[in-house]
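Structure assessment
Spelled out, the chains give:
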Amino acid sequence: MKISRRDKISVAIIILSLATIVFTLLYRYGIFGIEVDFNKPVKELEVAEPEYLYGIRIDSLNVTTETVASGQTFSGILDGYGVGGRVIDELIRKCNGVFDLRQLREGNKYTAFTAMDDTQTLEYLVYESSLSDFVTFCFKDTLAVNVQKKEIETRRRMASATIESSLWNAAVAAGMNGTVAMNLADVYQWSIDFYAIQSGDSFKVIYDELFIDGKSVGVGTIWGAVFNHGGKDYYAIRHQYTENGVVQHGYWDETGRSLKSAFLKAPLKYTRISSKFSNSRLHPVLRIRRPHHGVDYAAPTGTPVHAIANGVVTHKYFERGGGNVLKIKHSRGYVSGYLHLSRYAKGINVGTQVKQGDLIAYVGSTGTSTGPHLDFRIWKNGTAIDPLKMTDVKGEDISKAQRPGFEETKRSILAELEGKEYTAPASKVSAVKGVMPDIFREVKNN
């Protein structure tokens, strides 16, 4: 039967009308009565981020981590993964000047990356040479050896402790790394005698704790501290600045005076002060009263003795009373003397230039002495003075040019020590990139 043109148009109109009705119902109620929001944007297809380990993409690799066994060699490890002798020899040659394969240490980790197929061909091997360093050996198209460093995370900490026995024990008991105590002693070495600290002394410190792979591995910069010693607060504020194109830093107290003094507080690590400066002391051997113009530091024989300031050795001799004696001339009319020494350090002679902290001798009991100790003396312009009461050897004030920047740093550190927030002016805020301490190179990775 032949369908007329008019009938075709009528059928088309009916179909279009039905389609419009169906579409409207779908739009309004959705399929099976569930409302559909056609205005809602289509959710983008989520693509998984590629996963990396030691900078190597591991999506299509098998990853196995082992530890170096006793007596295991680099060649032995590679042989276990089917690497041929020729390839091993070539890789050993490529290691020359890059990494010494004899430094392979028992207990250190290594990770093998093999192909995810039937061959399981070794593509990379990574050896952790230390907490921070790792060596990547590439076995793909081109053999290669590359020494790299792990990322170090820095977390700023503030901690406090009260001393009962020692600075070290107080820090550790408060949950700090013992290195914090050592670093504090370095910061305050010119202003606090840490061998005379008392029970009840306390401190609060702001410092960086360093992490690798989420594990605490050491201590970084000490940014500020307050140490209460004998009822007096001693502040340390680290300030960094650029002068003549050179980045410099140091520690100052709250007034802007440098903590670094011309003289150390003591020339050795001593057990106790056995005798102080006196114009009339009963001599322990001679049993008569006579001046003792020095400080006796009791310490075991062989304890290192250090120069308290820069200077030049002027006297080195033996006498019946003082035993082995050493004298050093310093600036501003000062002379330091070291008596009853067991021996002198190598290279110390009359005329030798020494710097503050240099090893100069060792504690002994030579001469008229009842036991090992250092009789330490100071003269100024030829007159003996009490080493424990020197007052004019403090550090210098911060320069006028650096004073504004220091004041801003001080306000920030003091606020942090008091648990307050401080926001520096936006135009003056700067960040200084830290440098990883070299100690990590020598620490075995467990």
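Read on for a plain summary of the structure. (Residues numbered from 1 in each chain as written. Predicted model: local features only at pLDDT ≥ 70, side-chain atom pairs only at ≥ 80, totals over all residues. Heavy atoms only, no water.)

**Side note on the overall build of the protein chain**
Helix and strand counts for the protein chain stand at six helices and 24 strands. Of the roughly 26900 Å² that the protein chain leaves accessible, carbon and sulfur atoms contribute 51%. (Helix = DSSP H or I, 4+ residues; strand = E, 2+ residues; numbered from the N terminus. Areas by Shrake-Rupley, 256 points an atom, 1.4 Å probe, with all protein chains shown as cover.)

**Details of unusual backbone geometry**
Despite not being glycine, Y54 has its phi angle at roughly 60°, a positive value. A positive phi angle is found at N381, which is not glycine, with a value near 50°. Position of N381 among the secondary structure elements: in the loop between β23 (373-380) and β24 (383-385). N381 sits in the exposed class, given a relative accessible area of 61%. (Buried < 20%, exposed > 50% of the residue type's maximum accessible area, 1.4 Å probe, protein only.)

**Here's the deal with the packing of aromatic side chains**
Following the criterion strictly, the structure yields 13 aromatic pairs and no others. Note on F113 and Y124: the rings are 6.4 Å apart at their centroids and 90° apart in plane angle, and the pair reads as edge-to-face. Of the two residues, F113 sits in strand β4 (residues 109-115) while Y124 sits in strand β5 (residues 122-128), which places them 11 residues apart along the sequence. For F113, a relative accessible area of 0% translates into the label buried. Ring centres of F194 and F227 lie 5.4 Å apart, and the angle between their planes is 90°; this geometry places the pair in the edge-to-face category. (Phe/Tyr/Trp six-rings, centres within 6.5 Å; stacked < 30°, edge-to-face > 60°.)

**Description of the layout of surface pockets**
Taken as a whole, the second largest pocket holds about 860 Å³ of empty space. Here the lining of the second largest pocket takes four residues from strand β11 (residues 232-243), the largest share from any one element. Grouping the constituent residues of the lining of the second largest pocket by class yields 15 nonpolar, seven polar and 10 charged. (1 Å grid on protein atoms, 1.4 Å probe; cavity = no way out; pocket = protein on both sides within 12 Å on 5 of 7 lines; lining within 4 Å. Points joined across faces, edges and corners; volume = space filled by probe spheres on them. Nonpolar A, V, L, I, M, F, W, Y, C, P; charged D, E, K, R; others polar.)

**Topic: the pairing of strand β7 (residues 144-149)**
Summarising the sheet, strand β6 (residues 133-138) and β7 pair through six bridges and their orientation is antiparallel. Its bridge partner lying in β7, D133 is registered against K149. Connecting the antiparallel pair β6 and β7 is a turn made up of five residues. (Pairing = 2+ DSSP bridges.)

**Considering the sheet that holds β11**
With respect to topology, five strands assemble into an open sheet ordered β8-β9-β10-β11-β12, the strand pairing being antiparallel. A single partner strand is all that each edge strand has here, and the edge strands are β8 (153-162) and β12 (246-252). Averaged over all pairs of adjacent strands, the angle between their axes in this sheet comes to 25°, without regard to strand direction. Sitting on the sheet, helix α5 (residues 178-187) touches β9 (202-212), β10 (215-229), β11 and β12, and the angle it makes with β10 is about 45°. The strands touched by helix α6 (residues 403-417) are β8, β9, β10, β11 and β12; relative to β11, the strand with the most contacts, the crossing angle is about 135°. (Axes fitted to C-alpha atoms, helices over the stretch in contact; angles between N-to-C directions. Contact = heavy atoms within 4.5 Å.)

**Remarks on the sheet that holds β6**
Taken together, the five strands give an open sheet; going across it, the order is β3-β4-β5-β6-β7, and neighbouring strands pair in antiparallel fashion. The strands lining the two open edges of the sheet, one partner per strand, are β3 (61-67) and β7. In this sheet, adjacent strand axes meet at a mean angle of 20° when their direction is disregarded. Across five bridges, the pairing between β4 and β5 is antiparallel. Residue pairing across strands places T114 opposite L122, the latter belonging to β5.

**Some details on the pattern of salt bridges**
Under the defined criterion, the tally for this structure stands at 16 salt bridges. Between K150 and E128 there is a salt bridge, with the nearest N and O atoms lying 2.9 Å from each other. Taken together, the residues K150 in the loop between β7 and β8 and E128 in strand β5 connect sequence positions 22 residues apart. When sorted by exposure, K150 lands in the same class as E128, which is buried. (Salt bridge = Lys/Arg side-chain N within 4 Å of Asp/Glu carboxyl O.)

**Description of the nonpolar core**
Membership of the largest hydrophobic core comes to 30 residues, with the highest contact counts inside it found for V305, I308, L326, Y338, L341, I360 and L374. Elements that contribute at least two residues to this core include exactly β16 (295-298), β19 (323-329), β20 (334-344), β22 (359-363) and β23. Sequence-distant contacts of I360, that is, excluding residues within four places in its chain, are made with V305, H306, A307, L326, I328, Y338, Y344, A345, I348 and V354. Core analysis: the next-biggest nonpolar cluster, separate from the first, contains 26 residues, A181, V187, F194 and F203 among them. (Core = buried A, V, L, I, M, F, W, Y, C linked by side-chain atoms within 4.5 Å.)

**Some remarks on α6**
Every α-helix carries 3.6 residues per turn, so stepping three or four residues along brings you back to the same face. Over its 15 residues, α6 runs 21 Å from end to end, which matches the ideal 21 Å to within 8%, given 1.5 Å per residue. F406, E407, E408, K410, I413, A415 and L417 are the residues of α6 that are buried. At its buried positions, α6 is contacted by β8, β9, β10, β11 and β12. (Expected span 1.5 Å × (residues − 1).)

**Concerning a nonpolar patch on the surface**
There is a patch of nonpolar side chains on the surface, built from I14, L18 and I21 and spanning about 300 Å² of accessible area. Examined against the element boundaries, L18 turns out to sit in helix α1 (residues 5-29). (Patch = residues over 30% accessible without salt bridge, like charges linked within 9 Å, V, L, I, M, F, W, Y side chains within 5 Å.)

**Regarding α5**
For α5, the complete set of buried residues consists of G178, V180, A181, L184 and V187. In this fold, the buried residues of α5 make contact with α4 (167-173), β9, β10, β11 and β12. For α5, the N-terminal capping position is held by N177, with its side-chain oxygen 2.8 Å away from the main-chain nitrogen of T179. (Polar contact = N/O pair within 3.5 Å; in protein donor to acceptor, adjacent residues only side chain to side chain.)

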